[in-house]
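# Architecture at a glance
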Amino acid sequence: MFRLFKHYIPYPVFFLGLLDFCLLVFAAETSWAFRASQIGMSAGSIYDHPLPVISFSLAIEVALIAVGVYGAEALQSLRFAAARILVGISLGIIFLSLMAFLLPGITLWRSISLYAMLSSICLLMAVRMVLGTLLDMSVFKRHLLILGAGPKANRIAELSTKQESGFIIRGFVNMNDGPAIVTNAINRSEIENLPKHVMNLGVSEVVLALEERRNSLPVADLLTIKTTGVHVNDMSSFMERETGRVDLDSVNPSWFIFSDGFSSGRRLSTIFKRSFDIVLSLLLLILTGPIVLLFAALIKLESRGGAFFKQERVGLYGQRFNILKLRSMRADAEVAGKAMWAEENDPRITRIGKFIRKVRIDELPQSWSVLKGEMSFVGPRPERPQFVEELQTRMPYYAERHIVKPGITGWAQINYPYGASIEDSRHKLEYDLYYAKNYTPFLDILILLQTIRVIIWPDGAR
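Presented here is a report on the structure given in the accompanying data block.

All right, on to the packing of helix H11 (residues 267-302) against helix H12 (residues 351-358) then. Helix packing for two helices is described by the angle between their axes and how far apart those axes are. Running from N to C, H11 and H12 point in directions that differ by 150°, and their axes come no closer than 9 Å. Compared by their axis directions, H11 and H12 come out roughly antiparallel. In contact with Phe295, Leu298, Ile299 and Glu302 of H11, H12 contributes Arg351, Ile352, Gly353, Phe355 and Ile356. A breakdown of the residues in the contact of H11 with H12 according to their chemical character gives six nonpolar, one polar and two charged.

Written out as structure tokens, the structure is:
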């Protein structure tokens, strides 16, 4: 993996995305040449008007990212890849059709759209059939040596068995720091020279998965290993990189203090985020106003009670505010106002409510909270005060998720199914802490694009 704007991107994903973009440019140019020959034009004239090719390629590439073409499932399954490629290209063409009204210069793409679409589908699928196994080869994976043989080391071993893992474990070293669980670990006493052992294995990274560091941390050996060019990482940073979340089972306060991150308060980033929120919330309120009113009328027709409801939530730095949502449950869903977790197939949800939850229409009125500055489009989901009080007492670092504004969508929402329990909240907290720690405008844009995937394939929405 490499880090782009503080976010980790696997090398295979980056190279595949770059190759896809080149293929899209090739598809657009060859389609233009074919179309030009049909109408008796010079194919070279496309270079005098490069906007159609560039706009087509960029729009399709962004749409492919949005629908999850570079996600783990699509990289491992041709069936998933084909479905997402078809949807992505369709969304890209729809976007270009809308943009043609604003940018007349790109209307030239219409004459090549059909040919470009068909050739793009063929080329993108062909490259996945050819490179499908190559992307999973060890040449793209890091080779690791794990120092430790206890529960932490065993968790890394379990992670390595997943198909989407980006590393291969070359060995474990039992550092006598606690009970050993990994059976194939070599005892530290059997290794005469640890740096030489690392070199002989040809590993590119050493991960510290020690249960107790006080008397078992080989500082001198690690210094030698580091100076030979081998990366040395602790388990908390390793898990953050590999899973895209902060692992609550391995972090400690010193890691939060000394690790890179938590720079969301930088002025330029704050100005960008607020400006983006104002512009997008205004556009969304104007464009989706008729849709919200339509479903508000349907809600009123289906069940008694108001079409909208307000609910108190906890926001930035623990301040409380009210969000506005379309009502998706019965008016008597909560007895005496007592907060209750939503359940799968919750009987309190109405028929209209079930639909608007699936496609997230019930969230649209929250754009008003974004415009007022109480929320952002991207951030941890705001929880109810009753839940916050309970969760803060039951899991560490929960208060740290409130150092950024809450959002309509977020890193947890696109990576983890809908949470309706303490354990779900713990997993979502790990993703929220990753976002708070690694926030950049780039990550916000990535989350907004990936939200399209969640809307089209509502994994876990209730």
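Picking up after the structure, the text goes on.
A few words on the pairing of strand S8 (residues 308-314). As judged from the seven bridges shared by S8 and strand S9 (residues 320-326), these two strands associate in the antiparallel manner. Bridge pairing in S9 places Phe308 opposite Leu326. Connecting S8 to the next strand, S9, in antiparallel fashion are five residues, including Tyr317 with a positive phi near 55°.

Next up on the list: unusual backbone geometry. A positive phi angle, close to 55°, is found at Tyr317, a residue other than glycine. Mapping Tyr317 onto the fold places it in the loop between S8 and S9. A relative accessible area of 63% means that Tyr317 is categorised as exposed. Its identity as a non-glycine residue notwithstanding, Tyr397 has a phi of 65°, on the positive side. Structurally, Tyr397 is set in the loop between helix H14 (385-394) and strand S11 (407-409).

Our next topic: the packing of aromatic side chains. For the structure on display, the rule yields 11 aromatic pairs. When the centroid spacing of 5.6 Å and the interplanar angle of 20° are considered together, the rings of Trp411 and Tyr434 count as stacked. In this pair, Trp411 sits in helix H15 (residues 411-415) while Tyr434 sits in helix H16 (residues 422-438), placing the two residues 23 residues apart along the sequence. We classify Trp411 as buried; its relative accessible area is 9%. For the pair Tyr416 and Tyr431, a centre-to-centre distance of 6.5 Å together with 40° between the ring planes defines the contact as tilted. Pair noted here: Tyr416 is in the loop between H15 and H16 and Tyr431 is in helix H16, with a separation of 15 residues, a long-range link. Judged by its relative accessible area of 11%, Tyr431 falls in the buried class. Aromatic rings pair up to connect Tyr11, Phe14 and Phe15 into one cluster. Across from the ring centre of Trp457, 4.2 Å away, lies the NZ or CZ of Arg84, which sits over that ring.

Membership of the largest hydrophobic core comes to 35 residues, with the highest contact counts inside it found for Val246, Val251, Phe256, Trp411, Leu433, Tyr435 and Ile447. The set of elements that each furnish at least two residues to this core consists of helix H10 (253-258), S9, strand S10 (376-378), H14, H15, H16 and helix H17 (441-456). Counting residues per element, this core draws most heavily on H16, at six residues. Of all hydrophobic cores here, the second largest spans 25 residues; its members include Val13, Ala28, Leu96 and Met125.

This part takes up the environment of Val232. Take Val232: it is sitting in strand S7 (residues 231-234). Separated by 24 residues in the primary sequence, Val232 and Leu208 have C-alpha atoms spaced 7.7 Å apart. Look past the residues within four positions of Val232 in its chain and what remains in contact with it is Val206, Leu222, Ile225 and Lys226.

In this section: the pattern of salt bridges. For side chains of opposite charge, pairing can occur when their charged atoms come near one another. All told, the structure shown has 22 salt bridges when counted by the stated rule. Here Arg142 ties to Glu205 by a salt bridge, and the two come within 3.5 Å at their closest N and O atoms. Taken together, the residues Arg142 in strand S3 (residues 142-147) and Glu205 in strand S6 (residues 205-208) connect sequence positions 63 residues apart. Just as Arg142 is buried, Glu205 falls in that class too. Asp247 is the partner of Arg245 in a salt bridge, and the nearest nitrogen-oxygen pair spans 3.6 Å. Residues joined by salt bridges that share partners form a network here, namely Arg142, Glu205, Arg241 and Glu242.

To continue, consider the sheet that holds strand S5 (residues 186-187). Taken in spatial order, the five strands line up as S5-S4-S3-S6-S7 in an open sheet, and their pairing is parallel. The two strands at the open ends of the sheet, each matched to only one other strand, are S5 and S7. Most of the contacts of helix H7 (residues 194-201) go to S3, to which it runs at about 150°, and overall it touches S3, strand S4 (167-174), S5 and S6. Together, S3, S6 and S7 form the strand contacts of helix H8 (residues 219-227), whose direction differs from that of S7 by roughly 130°.

Moving on, we come to the environment of Val13. By the element assignment, Val13 lies in helix H1 (residues 11-39). Each C-alpha atom, one on Val13 and one on Leu75, is 8.6 Å from the other, the two residues being 62 residues apart in sequence. If sequence neighbours within four positions are ignored, Val13 has contacts with Tyr70 and Leu75.

Here we take up helix H2 (residues 51-66). Since the α-helix turns once every 3.6 residues, residues separated by three or four places project in the same direction. Taking 1.5 Å per residue as the helical rise, H2 with its 16 residues ought to reach 22 Å, and the 22 Å between its terminal C-alpha atoms agrees with that figure. Those residues of H2 not exposed but buried are Pro52, Val53, Ser55, Phe56, Ser57, Ala59, Ile60, Glu61, Ala63, Leu64 and Ala66. One or two positions beyond H2, positive phi appears at Gly68, with a value near 90°.

Taking 1.5 Å per residue as the helical rise, helix H5 (residues 113-131) with its 19 residues ought to reach 27 Å, and the 26 Å between its terminal C-alpha atoms agrees with that figure. For H5, every residue scored as buried is listed here: Ser113, Ala116, Ser119, Ser120, Leu124, Met125, Val127, Arg128 and Leu131.

At a minimum axis separation of 8 Å, H2 and helix H4 (residues 78-99) run at an interaxial angle of 130°. Between H2 and H4, the angle falls in the class oblique. Here H2 and H4 pass one another in a crossing that is right-handed. Side by side, H2 and H4 meet where Ser55, Phe56, Ala59, Ile60, Ala63 and Leu64 of the first sit next to Arg84, Ile85, Gly88, Ile89, Leu91, Gly92, Ile93, Phe95 and Leu96 of the second. Tallied by class, residues from the contact of H2 with H4 come to 11 nonpolar, three polar and one charged.

Conventions we followed
Residues numbered from 1 in each chain as written. Predicted model: local features only at pLDDT ≥ 70, side-chain atom pairs only at ≥ 80, totals over all residues. Heavy atoms only, no water. Axes fitted to C-alpha atoms, helices over the stretch in contact; angles between N-to-C directions. Helix = DSSP H or I, 4+ residues; strand = E, 2+ residues; numbered from the N terminus. Parallel < 35°, antiparallel > 145°, perpendicular 65-115°, else oblique. Contact = heavy atoms within 4.5 Å. Nonpolar A, V, L, I, M, F, W, Y, C, P; charged D, E, K, R; others polar. Pairing = 2+ DSSP bridges. Buried < 20%, exposed > 50% of the residue type's maximum accessible area, 1.4 Å probe, protein only. Phe/Tyr/Trp six-rings, centres within 6.5 Å; stacked < 30°, edge-to-face > 60°. Lys NZ or Arg CZ within 6 Å of the ring centre and 35° of its normal. Core = buried A, V, L, I, M, F, W, Y, C linked by side-chain atoms within 4.5 Å. Salt bridge = Lys/Arg side-chain N within 4 Å of Asp/Glu carboxyl O. Expected span 1.5 Å × (residues − 1). Left-handed = near helix turned anticlockwise from the far one by under 90°.

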